[in-house]
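Structural description and commentary
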Amino acid sequence: MASWLGGLGSGLGQSLGQVGDSLSSLTGQISSFTKDILLEGAEEVGDAATELHVSNSRLREIESINAAQKFENDRLKKVCSDLEEKHEAAELQIKQLSIEYRNQLQQKEVEISHLKARQNALQEQLQKVQTAAQTAQLGAGVLPPATASASYVPGVRHSSGFEGDDMDFGDIIWSQQEINRLSNEVSRLESEVDHWKQIAVSSKVQGTNDAEQSEICKLQNIVKELKQNLSQEIDEHQHELSVLQDAHRQKLVEISRRHREELSEYEERIEELENRLQQDGVSTDAMDDSKITEQKKNAQSLQGGKAEELQVEDEIRELNHKLSSAKAENENLLKEQELAKLEKIQLAQDYEKLKYEFSVLQRSVAEQDALLNKQEKLQSKTSLPQDVVRLQQALSEAENEIARLSSLNQGLEKELTSAQHKHENILSPNTEDQNSELNQLRQDLERKEHELDESIAERETLIAELEELDKQNQEATQHMITLKEQLSKQHTETDNIIKQLKFDVDSERKKVSELEIEKMKIIKELDSQKEKLSQCSYALNDLHITKQQLQDNIKNLQEQLRKAQDYNSHSKKEIGELQQRLKEREEELHVSLSKLTEKSNEESNYACQDLILKEREVEIAKLQNDISENKQVNEHLEKSLSDLRRENGKLIAAIEELKQELSDTISEKNKVYLEKDTVVEALKMEKRQLESELNQAEKRLLEQAHKYKQTIEELSNARSMDTTALQLEHERLVKLHQEKDFKIAELKSSIEQMETDHQETKEMLTTSLGGQKQLTDLLKEKEVFIEKYKNEALQVKQELEEYMKVSKKQDVFKQNLEEKDRSLAVMKEENNHLKEEIERLKDQQSRSTPVVEPKTLDIIIELESEVTQLKMIRNNLEEEIEVHKKTIEDQNQTTVKLQQSLQEQRKEIDESRFQCEQMNVTHERLFLEKDEEIKNLQKTIEQIKTQLHKERQIIQTDSSDLFQETKVQTLNGENGNEKHDLSKAEIERLVKGIKEREMEIKLLNEKNVSLSQQIDQLSKDEVGKLTRIIQEKDLEIQALNARVSSASYRQDVLGLQQQLQAYVREREQVLAVLSEKTRENSQLKTEYRNIMDMVAAKEAALVRLQEENQKLSNRSENSSQDMSRETIQNLSRIIREKDIEIDALSQKCQTLLTVLQTSSTGADNGSGGVNSNQFEELLQERDKLKQQVKKMEEWKQQVITTVQNMQHESAHLQEELHKLQAQISVESDSTSKLQVDYNGLIQSYEQNEKKLKSFSQELAQVQHSIGQLYNTKDLLLSKLDLVSPSLVAASTISQLSSVQHSPPEVLSDECKLLQNELEQLKKKLQEKESTIRTLQENNQRLSDSVATASEIERKSQEGTESEMRQIKEKHDVLQKSLREKDILIKSKSDQLLSVSENLSNKENENELLKQAVTNLKERNLILEMDIRKLKEENENIVARCREKETEFRALQETNMQFSMMLKEKEFESHSMKEKALAFEKLLKEKEQGKTGELNQLLNEVKSMQEKAVTFQQERDQVMVALKQKQMESSALQSEVQHLHEKEQRLNQELERLRNHLLEMEDSYTREALAAEDREVKLRKKVLILEEKLVSSSTAVENASHQASLQVESLQEQLNLVTKQRDETVMQLTISQDQVKQYALSLANLQMVLEQFQQEEKALYSAELERHQKQSAEWKKKAENLEEKVVSLQESLEEANTALDAASRLTEQLDIKEEQIEELKKEGEIRKEMLEDVQNKLMNLMNSTEGKVDKLLMRNLFIGHFHTPKNKRLEVLRLMGSILGIKKEELDQLLSEEQRGVTRWVTGWLGGGAGSKSVPSTPLRPTQQNIFNSSFSELFVKFLETESRPGLPPPKLSVHDMKPLGAAGTGKTSSTPSKSQMQDSAVSAVGRRPDANPFLAPRSAAVPLITPASSSGHLLMKPISDALPTFTPLPVSPDASAGAVLKDLLKQ
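Residues numbered from 1 in each chain as written. Predicted model: local features only at pLDDT ≥ 70, side-chain atom pairs only at ≥ 80, totals over all residues. Heavy atoms only, no water.

**Some points on the confidence of the model for the protein**
- Scored by pLDDT, the protein comes out at a mean of 78, with 77% of its residues at no less than 70.
- Ignoring residues within four places in sequence, the model shows residues 965-971, a span with pLDDT below 50, making 17 contacts including any to other chains. (pLDDT = per-residue confidence, 0-100. Contact = heavy atoms within 4.5 Å.)

Printed below as a string of structure tokens:
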């Protein structure tokens, strides 16, 4: 089972599967188990009580299994939920990471694509420029025509994307390096392009302006190089700046985070230590080495933590230094930027000059485009930034080149036309030369067209660059604007802050003086409050004691209530059980009564039954007594229940009152706390705000200083520029600057002084507040004092709330601003992405389908409209931000006022806050203590409950067993009394044992209570001592602080503060030690309780074991081997069920797999049609699905492995089962080896319990069977006595029959039949006699065997009783030793179990985590592989696309060539036809004789043919050119549309830039005006400051004088302080000595503990060895007992077989005896019948021959008239048949009778004259009343009335007899007649009516012979030969009278 469960726990899938399966398998188990139990009960158990016991035991087993299964289910569910939560968390983390990495990847790829695009464009430009230069040189004739264009293409490394989602920092750095490298390449290529352009220009215009052009080119190169350098430097500076800022921010964030975390950790530790100190006292009883080491480690960690804090502070200082240096660098960079701007301005001026020169040159160039003029106008109008101008100039150059190329093209066309004219003029001689020239011209044309295309491409690239530069320019301008705004704001803020700081300095000085006065007052108040505190503490202690008493009372009452409820439930159960037993007893009573009634008739024969009846009556009486006692008990229980309910109601009412009081007090406290908390939070907020403002002020001052430095530098620059006028202003400004610097320095120093003063005051406040912390309980007394300040506090609160609202609004606005900024940035990025996508889509659409272009235009328009809207929103937001800033400034001013008012009330609120905090802390501690106490008490109560419940269960089981035993003993005759005595003794012993256990439990509870009280007292005393010590220390510290506060020398103060801190640390260490002591104390308490519980459980288990051992020893010899078989069967069943469960689990796992696969496939199918935009989403989905599939495969593998493991385990279990069935002894040895641990022993004991129960059941059965055997033996003996006389009777009957066998010859056929039957009966009797002899022999053997068995049983019982006594004595001795050892072993085993369980759980968790990690790694690898594959596929696809495009182009070209060839062929065919016609004409003309004309015509034809060929070629070429032109025109159209859109965008951006420039100019003018105003203000301030300087100098002199006086007073104070310091040092040394003593005591305690542990270990080991020996002995004894059981079982089986045979024999004997008795009776009757028949025959022969009965004739005659007329013929025929008239004569008479009646009557009367008078029998009333009934019915009834003689008629033989209704069957059971019942009533009195098979039915046959004694009837007398004889007819009782008559008539 363990391995099975372990296998299940290995995988998540299995745990999922088991949750459902375990329930189903459980239900299946229970159902199958119950069925088996029912079947076994029906087969094996006969007794009701034993059945009940078996069912109860089975039920308990099932319940235990159920509970175990439920527990496992719950555990698995918990595990499953935990794993699912972990899985979800991991998935979320992975998703977030993947999303972040993907975003980064996309950004980087976009940047790379941009750079690649730029690089490609530049490379193309380079190539074009080179080709242009070469063509130009070819045209001029400088270079030869064979020079090829050398295209410089540097190898660019194409990054195949990042591998996987997880981008490392290294990857980011690499991407940045790649970007930098690409940008450098771009710049280099741009420089090369410029160079080639210059060469092209120089080659074009060589002769005219060589010198000027060279100068211009040089200047342009210089300008471009400078610009490039500038841009590179700016980029580098910005990059460095951003990197530094990012690094600095990261460091700051990390350091601050660490610092906060450490601070929070230390605060939590301090709070925990304080709580523990106040919760529990220090228990100095027992401490381990490990705990002391832990304390030391904690102390070291605290010291280390403080050291870390110091390190963190040092790091913060270093970072501040670095920050300042970074700021300085930033300022330097700003200066460099300004210099660069100046250089830029100069360059712009140079550029404008160069532009002017270039415009002069442009005028010389022919025809310019209209677009250029427009753009130049726009440029002249708008003063764009320098970068824009540069790009426009580049555009203009490109356009100039286009114009030049167009002019060249036109010239070439002119030349072409002139050449064509010449060609037309000059014919055949110069055709070849002209063709070559034409080809050259065409080549030139194609080159020119190429150049045109290249120039267009250049123009596009330039436009793209322009757009990018525009974006950069916008960003730069925005950055500048923001910087300026920030600087202006900072300037204003610094002015405000300087004012505030001055104001604060004054106010704080005042406050310091006030605080000193208030401090003196507080010290006085402190003394008074301490006295009050002590009083309050006493009062509180009293209250706590009362509260504890109340809680104890409540707990006791609750315990009583629970006990009562438990007792109630038990009593109810017992009542139910008793009722069930009552019902069973009543049923048994009914059964016994019925049996008694049956056996009351047989009392004379059986004397044994009287005894049984008496015993039954005794049992009934006992049961009635039990019932009455139970009723009384029930009544008592009901009374006690009602009393308990009343008490419960009272208790509940009391608890509710207490709860209400508690809730009231808690609500009041909560209100107070809430008020205090709000005030405290408000103060904290103010403090933080003030600190933040101070920091801001410092930053602003630094920034101002930097600004002033910059202004100085600018002034120095200005001074160098203009000397005379500026020098004076510069000097004046420098002076002003110096003065301001001095003032700033003074202000800084004053601020520093204020800060130090502030820190001192803070420290003073903290120390004073530390002293005040102990005044928490004086809240009630101080409420009067607080009420005075409540009104002020309310006002402050209102002001604070308003301020808080405003601040919240500000925060909301700030957050909105940040969100808007973020959304703006996101929108910008999205815009860029959208633009790129739109361009890409446009390219695709222009290539593939020109139909989609309007859609893209619409999208672009929409996007542009959205961009404009966003810009509008941004402007609005900026306006809102400005408004908010103004409001913030106003609020800052208001806050300054509020702070002034708040600072006056801070002290009071601080006091209240600290009091509140202390109250909170104390109340929390109290609540925690109470909760812990309540929990502990609940635990103890539950444990006691469980113990009581177990004991009661044990008592119940014992009582039931005893009850069964008594029942069995009553059944047994001889051994009854002895066993009864034994059971009584056992009951008394059990009762005594239970009482002793209860006494022990009570004693343990009392000890527990006393120990807990002692611990509480100790803890309280120690806490009290510690608190006093701490109070004394605090008083001393306060006194020192009071003295130190007067002194103003800071160095001494700092030293003292350091010492104080050291004291605080020591105090914290002591507190830590205390807290650990309290912890250990609590742990010891819990351990003690656990041990107590274990002891109780052990005792209960011991009691059970004792009882079970006793039962075993009692019933070991009587028990059989059936139990082992049953256990094996049960095991086999369980294994089968487990196999079924395994199959179910495997099926469930498969179904789960299928479900998951279907779900995954569903998810796969769910993804619909994929568009080009959804490609990335599909890829992501595919990745996810792959991951899911892999997960599922892994799960599947795990499930398969687990299923295989389970299968293996099931196979192993089956093998083990076979082994168990084969070898029980081998199994016991293996189990002893396996179950070394105590758990194994417990399991074996449980198995013994089960075996004992089964043995007890079997013993009961055996005893019952023995009782039955005795009964059967008595019955057999009695029956044997009865059988012997019956045999004698049978022999006499046979002799008589042989004598009277020869009947006279007069007998009819009936006599012969009877003789045959008699012969058959004789044969049967002989057979019966032989069988009876064999049975008698068997019976004798059985009786001998039974007697021997009973003697053996008696001997064995006596032997077992003696052995039992010895075993019991040994058992008592062993029990005492076992109790002690079990307690120790159980505790250790439980500890081991818990540790092992924890370990296993941890290992399982680790394994699961490892699996999860490996799975994640595999997933990552798979993802990386997939991404690589996808990238490779993408690259392959791109390559294929390119190949396809090239193939397509080649095919188009070949198609064109083929079309040309076709046209040529057609033309040739046409020309051939014309030639043919011409030849025909010539032939005709020849015939006519016109030869001269023919020659002319031939010449003309040839010339025309040549012309036609040339024209055809020209036409073909023109057609090809036309098609190319069409293609180009379509491309150009698309490009034109693109350009139009770009122009629109550019126009919009130009308008925006204009607006922006206007705004910038306005802002600059405003700033200039503001600067002027500031200068005026600053000058005024300078004058005021000069005046103040003069006054301050005088004040300084006065102050120095006062300082000298103060120094003297301070020196005196210093002397006092030094004395105090010496005293404190002394105290420190004393405290250190105490600490050392504590350490020594701790070490001693450790030593003692170690010794104690060693002793315990030794004890445990010794006791374990003893226990093992004892267990071995017990096992040997058990084996012996099992062997005995086996032998007994064999003997029992033999006895059972013998019993079965005996029972069968007895049944057969009963049947045979009955048959014999019946045969005897029949023989006697037959004898009588034979004698009567002989007499009657003789009489008949003598007396009556041919006589008719008068009465019969009379009845027939009367009946004739009574019958209806229809049926009278039948009556007449019957009469005729009786009278012996023939049928023919009857027919004649009847026919005559129809004619007349008179004749028939006369004949009848005449015929009846000779009849004699017979006495008349009176008619029955039935016959008189029934007139309408038929004659046949009446005749039948008559026969019935007449067939009732005294003796029965002769009967048929047994074998010939057949029952009615079943004529063919040979069964011998039927209902007897009344007469026979009467006859046989004497012989068979007590028998049932349907047990006699030899009685004939009533209407079986008509009696033919009547005995002589009865009144003779004619029909009953012997019949003469003349009369007809009736054979006996078997008639069914259901057959009608008519049917009978018909049968009679047929005969």
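**Regarding the packing of helix H17 (residues 1175-1222) against helix H20 (residues 1309-1488)**
- At a closest axis distance of 11 Å, the pairing of H17 and H20 adopts a crossing angle of 140 degrees. Relative to H20, H17 is oriented so that their crossing is right-handed. Across from Phe1175, Leu1179, Arg1182, Asp1183, Lys1186, Gln1187, Lys1190, Lys1191, Glu1194 and Gln1198 in H17, the residues of H20 making contact are Gln1411, Asn1415, Glu1418, Arg1419, Ile1422, Leu1423, Asp1426, Leu1430 and Asn1434.
- Of the residues that constitute the contact of H17 with H20, the class distribution is five nonpolar, five polar and nine charged. (Axes fitted to C-alpha atoms, helices over the stretch in contact; angles between N-to-C directions. Helix = DSSP H or I, 4+ residues; strand = E, 2+ residues; numbered from the N terminus. Left-handed = near helix turned anticlockwise from the far one by under 90°. Nonpolar A, V, L, I, M, F, W, Y, C, P; charged D, E, K, R; others polar.)

**Considerations on the packing of aromatic side chains**
- In total, this model carries two aromatic pairs according to the counting rule given.
- A centroid spacing of 4.8 Å and a plane angle of 75 degrees characterise the contact between Phe1757 and Phe1761, whose relative ring orientation is edge-to-face. Remark: Phe1761 and Phe1757 occur in helix H22 (residues 1750-1762); sequence separation between them is four residues, near one turn of the helix.
- Judged by its relative accessible area of 45%, Phe1761 falls in the partly exposed class.
- Sitting over the ring of Trp1674, Lys1677 keeps its end group 4.8 Å from the ring centre. (Phe/Tyr/Trp six-rings, centres within 6.5 Å; stacked < 30°, edge-to-face > 60°. Buried < 20%, exposed > 50% of the residue type's maximum accessible area, 1.4 Å probe, protein only. Lys NZ or Arg CZ within 6 Å of the ring centre and 35° of its normal.)

**Structural notes on a negative patch on the surface**
- Among the surface-exposed residues, Glu233, Asp235, Glu236, Glu240, Glu336 and Glu343 lie close enough to one another that they form a single negatively charged patch.
- Of all elements in the fold, only helix H5 (210-279) and helix H6 (289-364) reach the threshold of two or more residues within the negative patch.
- Considering each element in turn, the negative patch owes the most residues, four residues, to H5.
- Take Asp235: it is sitting in helix H5. (Patch = residues over 30% accessible without salt bridge, like charges linked within 9 Å, V, L, I, M, F, W, Y side chains within 5 Å. Areas by Shrake-Rupley, 256 points an atom, 1.4 Å probe, with all protein chains shown as cover. Salt bridge = Lys/Arg side-chain N within 4 Å of Asp/Glu carboxyl O. Lys, Arg positive; Asp, Glu negative; His and termini not counted. Charge placed at Lys NZ, Arg CZ, Asp CG, Glu CD.)

**What about the packing of helix H15 (residues 1050-1115) against H20?**
- One can describe the packing of H15 onto H20 by two numbers: an axis separation of 9 Å at closest approach and a directional angle of 150 degrees. When the interaxial angle is binned, H15 and H20 end up roughly antiparallel. The hand of the H15/H20 crossing is right-handed. Two secondary-structure elements touch here, H15 through Met1094, Val1095, Lys1098, Leu1102, Leu1105, Gln1106, Asn1109, Gln1110, Ser1113 and Asn1114 and H20 through Met1364, Ile1367, Lys1368, His1371, Gln1375, Leu1378, Arg1379, Asp1382, Ile1383, Lys1386, Ser1387 and Asp1390.
- Class assignment of the residues belonging to the contact of H15 with H20 gives a composition of eight nonpolar, eight polar and six charged. (Parallel < 35°, antiparallel > 145°, perpendicular 65-115°, else oblique.)

**Description of the environment of Gln905**
- Tracing the backbone through its elements, the reader meets Gln905 in helix H13 (residues 853-971).
- If sequence neighbours within four positions are ignored, Gln905 has contacts with Glu792 and Val796.

**Some remarks on the environment of Val54**
- Structurally, the position occupied by Val54 is in helix H3 (residues 48-140).
- On the accessibility criterion, Val54 (9% relative accessible area) is buried.
- A C-alpha to C-alpha distance of 8.2 Å links Val54 and Lys1253, two positions 1199 residues apart in sequence.

**Concerning the nonpolar core**
- By size, the foremost hydrophobic cluster in this structure holds 11 residues: Leu1752, Met1753, Leu1756, Val1771, Leu1772, Leu1774, Met1775, Leu1790, Phe1831, Phe1835 and Phe1838.
- Counting only elements with at least two residues in this core, the list comes to H22, helix H23 (1768-1779) and helix H27 (1831-1842).
- The leading source of residues in this core is H23, at four residues.
- Core analysis: the second largest hydrophobic core is formed by nine residues, Ile497, Ile498, Ala697 and Leu701 among them. (Core = buried A, V, L, I, M, F, W, Y, C linked by side-chain atoms within 4.5 Å.)

**What to know about the pattern of salt bridges**
- If you walk through the whole model with that rule in mind, you get 27 salt bridges.
- For Glu1682, the salt bridge identified is with Lys1251, shortest N-O distance 3.2 Å. Separated by 431 residues along the polypeptide, Glu1682 in helix H21 (residues 1491-1742) and Lys1251 in helix H19 (residues 1238-1299) bring together distant segments of the chain.
- For Glu1682, a relative accessible area of 32% puts it in the partly exposed group.
- The exposure class of Lys1251 is partly exposed, given its relative accessible area of 25%.
- Note that Lys1684 and Glu1363 form a salt bridge whose closest N and O atoms lie 3.7 Å from each other. Pair noted here: Lys1684 is in helix H21 and Glu1363 is in helix H20, with a separation of 321 residues, a long-range link.

**Thoughts on a nonpolar patch on the surface**
- A contiguous nonpolar surface patch, about 250 Å² in accessible area, is contributed by Leu219, Ile222 and Leu226.
- When its relative accessible area of 40% is taken as the criterion, Leu219 is described as partly exposed.

**Quick notes on the environment of Lys1279**
- Residue placement: Lys1279 occurs in helix H19.
- The spacing of Lys1279 and Thr1706 is 427 residues in sequence and 9.0 Å in space, taken between C-alpha atoms.
- Contact partners of Lys1279, with chain neighbours within four places excluded, come to Thr1706, Asp1710 and Glu1713.

**Digging into the side chain of Asn1339**
- Its location among the elements puts Asn1339 in helix H20.
- In this view, Asn1339 contacts Leu1276, Leu1280 and Leu1709; residues no more than four positions away in its chain are not counted.

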